[in-house]
Amino acid sequence: MGAAMRRIHVGNALSAFGLGFTVPYLYVYVAQVRGLGAVTAGLVLAVFAVAALIVLPFAGRAIVRRGPLPVLLAALVTAAAGALSLGLASNATAVLLSSAALGSGQAVMQPALATMIVDCSSADTRSRAFATQFFLQNLGLGVGGLIGGHLVDATRVSSFTLLFAIEAAMFLLLVVVMVTVRMPRSPRIEDAPAASTKGSWKQLLGNRAMVQLCVLGFVLFFACYGQFESGLSAYGVEAAGISTSALGTALAANTAMIVVAQFLVLRFVERRRRSRVIAAVGLIWAVAWLAAGYAGLGHGSQEMATAAFISTYALFGLGEAMLSPTVAPLVADLAPRGLAGQYNSAFALVKQLALAVGPAVGGPMGAALHAPYIVTFLLFSLGITVLAVRLGRQLTEAQDQPWRARSRVVTRGGAAEPVPAEA
């Protein structure tokens with residue numbers, strides 16, 4: 001791991017650590033502490049999603065033209081300003097404007113950091129680099145949320161102002177860390193012909209494999225991440241009688257599974273077809289939804305229902321640990337030379353869209369339509385497997401099995417490193 005990659009990973013950890021301070025308490029802060037009501041709090045969450053959907057199409061082009069580092073620095077400053085102003089906002093207008101700034105900054109960070117990882121890694125190290133990123137993000141969110149929970153006091157506005165100030169400080173500290181990064185020209189898999197660095201959405205939409213991966217990504221985020229804090233939690237409380245403490249334990253089990261399993265599954269994942277790994281995740285998540293169905297629709301004891309519900313979140317965590325070294329590197333390897341930023345932004349846009357639609361669909365279903373909810377998302381999980389198998393037919397060997405392609409190059413006496421990517 002080079003110096004640039006170390007700083008990027010520190011940056012990922014710091015940003016996640018800062019977000020962990022405020023994300024779990026945003027609704028309580030707006031609705032109760034500031035006394036602006038549930039409607040305004042709901043609008044704040046919607047603004048985060050809308051801001052991301054607006055800025056991400058432009059972020060990709062900016063990353064391609066200016067490079068990921070300047071775009072990341074601008075996003076960090078914007079997010080820091082939004083976080084600090086949100087902690088000081090006392091009326092609905094100020095809260096919504098601050099949320100727009102914070103949400104847009106956070107959204108742009110993701111593809112910018114992902115593109116920096118691509119530029120600072122090789123085909124040999126990319127899967128491990130993205131696995132490390134995911135590991136540090138979850139660890140940072142967990143530690144930040146834990147510390148924030150001990151600092152916050154719902155009776156004191158100043159305690160929430162402190163949380164948002166810490167979040168802003170983390171973003172500004174990340175600016176200082178990132179300014180010292182020297183971006184190298186790094187090798188990567190390059191099967192697609194060289195393309196103009198200007199890029200275009202038309203060219204991206206003409207990449208059939210990337211379009212299929214975006215559809216698959218939407219289903220992945222819609223059926224899993226989009227249900228964590230909405231439909232699945234509502235289903236657990238309403239159908240399975242899960243207590244709030246047990247729900248917290250389930251979320252902790254998800255994080256713990258990721259932290260424990262991430263590097264254990266990495267060696268297995270690195271030597272398998274990427275499409276088959278994603279297909280296996282669909283099957284694992286199908287089992288998770290069956291466990292959730294047993295928790296809410298079965299006739300076992302409350303203890304068994306709680307155990308089954310916690311195992312649902314743990315199985316989701318196992319699937320996430322398998323996806324982190326698989327999907328993001330695949331996005332990078334599908335991108336033509338110089339367009340990694342455009343492709344990362346497009347995939348981030350798909351993710352944000354799924355995270356916006358997922359709670360809106362799953363929340364009401366999980367709360368009221370228990371059996372249809374389980375059946376629907378069980379089918380979505382099986383759909384992941386089908387879509388992944390179909391995607392595998394569109395991928396070259398270097399994209400689906402990069403380790404085997406590199407092994408053949410070495411066997412034939414060629415260079416093990418692919419062509420360097422353009423900055």
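Please refer to the structure placed before this passage.
Summarised in this report is the structure supplied together with it. (Residues numbered from 1 in each chain as written. Predicted model: local features only at pLDDT ≥ 70, side-chain atom pairs only at ≥ 80, totals over all residues. Heavy atoms only, no water.)

1. A few points about the environment of Leu-136
Phase 1: Mapped onto the elements, Leu-136 comes out in helix H6 (residues 126-151).
Phase 2: Residue Leu-136 is classed as buried on the basis of its relative accessible area, which comes to 19%.
Phase 3: In the structure, Leu-136 is positioned 119 residues away from Phe-17 in sequence and 9.1 Å away in space, judged by C-alpha atoms.
Phase 4: Setting aside chain neighbours within four positions, we find Leu-136 in contact with His-9, Ala-13 and Ala-16. (Helix = DSSP H or I, 4+ residues; strand = E, 2+ residues; numbered from the N terminus. Buried < 20%, exposed > 50% of the residue type's maximum accessible area, 1.4 Å probe, protein only. Contact = heavy atoms within 4.5 Å.)

2. Some details on the nonpolar core
Phase 1: In this structure, Met-210, Leu-213, Leu-232, Trp-285, Trp-289 and Phe-309 are the most contacted members of the largest nonpolar core, which totals 64 residues.
Phase 2: Elements represented by at least two residues in this core include exactly helix H9 (208-223), helix H10 (231-238), helix H11 (244-270), helix H12 (274-297), helix H13 (302-323), helix H14 (327-334), helix H15 (340-368) and helix H16 (370-392).
Phase 3: When residues of this core are assigned to their parent elements, the largest contribution, 11 residues, is made by H12.
Phase 4: Here Phe-309 is in contact with Leu-232, Tyr-235, Gly-236, Ile-242, Leu-247, Ala-250 and Ala-295, once residues within four sequence places are set aside.
Phase 5: Among the nonpolar cores identified, the runner-up in size contains 53 residues, and Tyr-25, Phe-48, Ala-59 and Leu-174 belong to it. (Core = buried A, V, L, I, M, F, W, Y, C linked by side-chain atoms within 4.5 Å.)

3. Looking at the packing of aromatic side chains
Phase 1: Tallied over the full model, the rule gives 15 aromatic pairs.
Phase 2: Both rings, one in Phe-221 and one in Phe-347, keep their centres 6.0 Å apart while their planes meet at 65 degrees; by these two values the pair is edge-to-face. Within this pair, whereas Phe-221 is found in helix H9, its partner Phe-347 is found in helix H15, the two being separated by 126 residues in sequence.
Phase 3: Using a relative accessible area of 11% as the deciding quantity, one classes Phe-221 as buried.
Phase 4: Taken together, a centroid distance of 5.6 Å and an interplanar angle of 80 degrees make the contact between Trp-289 and Phe-316 edge-to-face. With Trp-289 in helix H12 and Phe-316 in helix H13, this pair connects stretches of sequence that are 27 residues apart. Phe-316 shares its class with Trp-289; the two are buried.
Phase 5: Here the aromatic residues Phe-218, Phe-222, Tyr-235, Trp-285, Trp-289, Phe-316, Tyr-373, Phe-377 and Phe-380 are joined through ring pairs into a cluster of three or more. (Phe/Tyr/Trp six-rings, centres within 6.5 Å; stacked < 30°, edge-to-face > 60°.)

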